[in-house]
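Chains, contacts and geometry: an overview
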Amino acid sequence: RCLPFRCPLPSFERAAVLTAHGRLWNSTFLEEFLAVTSVELIVRASVSVTSSIKNLVLKDGSTQIPVSIYLDPGAAVAGGVPWWVILLAALAGALVLALLVAILWKVRDRMGGLAPCHAVPSVPIRLCQPVG
């Protein structure tokens, strides 16, 4: 995947040096190349100049550089979560739930229990068997 970019060079004397930096994250390396420990990446770069100057000459406008990339073994080992962390999180969650239930229970008791429902009067319903 190439990424073209343009940069103006307002004034330069006889020579100019262009430097580009790149970064390959360890997670990207693990996702793309899971079964290998190193990758050789070939970087190709080309430079072109658009100018109104007639006698401007560009020498060596293209280059190719090999870059060796090695996996960081310390970061490659993806260890799981220890069992005691999961147990501690489950116990903490149960404790928070119990505290929440106790607090809501106390609030309900202070309000005098459940309020009676007087909004809908009760009407007896008679079920009939269909004739026939």
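Keep in mind the model is a prediction, meaning the values are calculated, not measured. (Residues numbered from 1 in each chain as written. Predicted model: local features only at pLDDT ≥ 70, side-chain atom pairs only at ≥ 80, totals over all residues. Heavy atoms only, no water.)

**Here's the deal with the overall build of the chain**
Counting its regular elements, the chain contains three helices and two strands. Walking the chain from its N terminus toward its C terminus, one meets helices and strands in the order α-β-β-α-α. Residue burial in the chain is summarised as follows: out of 132 residues, 4% are buried. A separation threshold of at least 6 residues defines the contact pool for the chain, and within that pool the share at least 24 residues apart is 54%. Per element, the accessible surface of the chain, about 13,500 Å² overall, is 63% carbon and sulfur. (Helix = DSSP H or I, 4+ residues; strand = E, 2+ residues; numbered from the N terminus. Buried < 20%, exposed > 50% of the residue type's maximum accessible area, 1.4 Å probe, protein only. Contact = heavy atoms within 4.5 Å. Areas by Shrake-Rupley, 256 points an atom, 1.4 Å probe, with all protein chains shown as cover.)

**Digging into a nonpolar patch on the surface**
A contiguous nonpolar surface patch, about 890 Å² in accessible area, is contributed by Val81, Trp83, Trp84, Val85, Ile86, Leu87, Leu88 and Leu91. Judged by relative accessible area, which is 55%, Leu91 ranks as exposed. (Patch = residues over 30% accessible without salt bridge, like charges linked within 9 Å, V, L, I, M, F, W, Y side chains within 5 Å. Salt bridge = Lys/Arg side-chain N within 4 Å of Asp/Glu carboxyl O.)

**Quick look at the packing of aromatic side chains**
Taken as a whole and assessed by the stated rule, the structure comprises zero aromatic pairs. In this structure, Arg108 is placed above the aromatic ring of Trp105, and the distance from its NZ or CZ to the ring centre is 4.8 Å. (Phe/Tyr/Trp six-rings, centres within 6.5 Å; stacked < 30°, edge-to-face > 60°. Lys NZ or Arg CZ within 6 Å of the ring centre and 35° of its normal.)

**Some points on the UniProt feature "transmembrane region" (unreviewed entry) in the chain**
The positions UniProt marks with the feature "transmembrane region" (unreviewed entry) are residues 81-105. Span residues 81-105 is 92% helix and 0% strand, its end C-alpha atoms 35 Å apart. (UniProt positions renumbered as here; feature names shortened; annotations may be inferred.)

**So, the environment of Val43**
Looking at the element boundaries, Val43 is found in strand 1 (residues 38-46). The exposure class assigned to Val43 is partly exposed, which follows from its relative accessible area of 35%. C-alpha separation for the pair Val43 and Thr63, spaced 20 residues apart in sequence, amounts to 8.2 Å. The contact partners of Val43, leaving out residues within four places of it in the chain, are Thr63, Gln64, Ile65 and Val67.

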